[in-house]
Amino acid sequence: KIPEICEKLSSMIRYNISSSEDFGNLDGEILHAENYLELMKIRYEDKFQYSMSYVGEIQNCHLPKFIIQPLLENCFAHGFRNKEFPWQINIQIYCTEECWEVQIQDNGCGICEEDLKEILDKERKSIGVRNTNKRIHMIYGEKYGVTISSQLEEGTVVTIRLPLKINSKKQS
C-alpha cells in the first residue's frame, strides 16, 4: 500500500505545481479528485466507497483548477464527522451543449436548514465552499456556481455548475 499511497500523493502534488495556470481541463480535475478519494479509501479501508458516472463528452471541458477536490474533502471534514460507517460518495458529471455540472452526493449526517443558509453567505462558515463559489461567480457570473441541498441524517448534494468551455488546445 505504501507505493500506491506515494503514487497518489505524487500525482496530486504534480497537479498542484504542474503549471502556474489557474485553469485546466476536466480530465485533470477528475484525476486529482480520484487520487484524493483513493487515498481516503486506503485510510478508511472497506468503510468508505465512492462511485463516479459520466453523461456526455467531458474530456475537453476547460475549468478553474481545484474546484472538485475541496468539496469532496468537506464530505470527510463535515458530512461524515458524526456518521457511522459505511460512508458513500456518489459523483455524477453531466455535460450538455451549454454547461456541465458535477453533483457530489454523500450519505453523511446532513446539514440543518439554518446552517445551510449560512454556508454560502457568512464569512465564518465553510471557507472551501464559499471560496469555490466566489471563484466561479468572479469568472463566469452569478448564473453559475455551487448549490447545496441537504436532509438531516440523509446526506448532502453539492452541485457545481459551469459554462461549457472547450479547451482550445484540444480542438482541431
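Shown above is the structure to which this text applies.
Residues numbered from 1 in each chain as written. Predicted model: local features only at pLDDT ≥ 70, side-chain atom pairs only at ≥ 80, totals over all residues. Heavy atoms only, no water.

1. Description of the overall build of the protein
What counts, and what does not: Numbering of helices and strands runs from the N terminus; a helix is a DSSP stretch of H or I covering at least four residues, while a strand is a stretch of E covering at least two. Within these notes, the globule rule equals 2.2 Å times the number of residues to the 0.38 power, and the radius of gyration is based on C-alpha atoms. Whether two residues are in contact is decided by their heavy atoms, any of which lying within 4.5 Å being enough. Only the protein chains shown count as covering a residue, and every accessible area follows the Shrake-Rupley method with a 1.4 Å probe. Residues counted as positive are Lys and Arg, residues counted as negative are Asp and Glu, and His and the chain ends are not counted. Throughout, a charge is located at the NZ atom of Lys, the CZ atom of Arg, the CG atom of Asp or the CD atom of Glu.
Along the backbone of the protein there are five helices and seven strands. Along the protein, helices and strands appear, N-terminal first, in the series α-β-α-β-β-α-β-β-α-α-β-β. For 172 residues, the compact-globule estimate of 2.2 N^0.38 gives 16 Å, and the C-alpha radius of gyration of the protein, at 16 Å, lies within 12% of that figure. Across its three principal directions, the C-alpha atoms of the protein cover 50 × 40 × 30 Å. For the protein, contacts bridging at least 24 residues in sequence account for 69% of all contacts bridging at least 6. For the protein, the exposed area adds up to about 9900 Å²; of that, 50% sits on carbon and sulfur atoms. Of note, the protein has its 21 positive side-chain charges centred 4 Å away from the centre of its 26 negative side-chain charges.

2. Some remarks on the nonpolar core
Put simply, the rule reads: What we call a nonpolar core is a set of buried Ala, Val, Leu, Ile, Met, Phe, Trp, Tyr and Cys residues that are connected through their side-chain atoms within 4.5 Å. A 1.4 Å probe rolled over the protein chains alone gives each residue an accessible area, and that area as a share of the maximum for its type sets the label: buried under 20%, exposed over 50%, partly exposed in between.
Of all hydrophobic cores here, the largest spans 40 residues; its most connected members are L37, F48, L72, F76, I89, I91 and I104. Going through the elements one at a time, α2 (26-44), β2 (48-55), α3 (69-79), β4 (87-95), β5 (99-106), α5 (127-140), β6 (145-151) and β7 (155-163) are the ones with two or more residues in this core. At eight residues, α2 tops the list of elements feeding residues into this core.

3. Overview of the packing of aromatic side chains
Put simply, the rule reads: Each aromatic pair joins two rings of Phe, Tyr and Trp (for Trp, the six-membered one) with centres within 6.5 Å, and gets the label stacked for planes under 30 degrees apart, edge-to-face for over 60, and tilted for any other angle.
A complete count under the given rule lists 11 aromatic pairs for this structure. Ring centres of F80 and W87 lie 4.6 Å apart, and the angle between their planes is 10°; this geometry places the pair in the stacked category. Ring geometry for F85 and W87: centres 4.5 Å apart, planes at 40°, overall tilted. Take F85: its relative accessible area is 38%, and that puts it in the partly exposed class. Through successive ring pairs, a cluster of aromatic residues spans Y36, Y44, F48, Y50, F76, F80, F85 and W87.

4. Overview of the sheet that holds β6
Our working definition: Strands were regarded as paired on the criterion that DSSP finds at least two bridges between them. Between the N-to-C directions of two axes lies an angle of 0 to 180 degrees, each axis being a line fitted to C-alpha atoms and, for a helix, fitted only over the stretch in contact.
Pairing in this open sheet of five strands is mixed, and the strands run β2-β4-β5-β7-β6 from one edge to the other. The open sheet has two edge strands with one neighbour each: β2 and β6. Strand-to-strand twist of the sheet, defined as the mean angle between neighbouring strand axes without regard to direction, takes the value 15°. Here α2 sits on the sheet in contact with β2, β4 and β5, set at roughly 160° to β2. The sheet strands contacting α5 are β6 and β7, and the helix crosses β6 at an angle near 145°.

5. Some thoughts on α5
Note the threshold: A helix's residues, less one, multiplied by 1.5 Å, set its expected span. By construction, the arc corresponds to the directions joining the helix axis to the C-beta atoms.
Spanning 14 residues, α5 covers 20 Å between terminal C-alpha atoms, matching the ideal 20 Å at 1.5 Å per step. The set of residues buried in α5 consists of V129, R130, T132, N133, I136 and Y140. Angularly, the buried residues of α5 cover 165° about the axis, an arc narrow enough to put them on a single face. Facing away from the buried side of α5, by more than 90 degrees, are the exposed residues I127 and M138.

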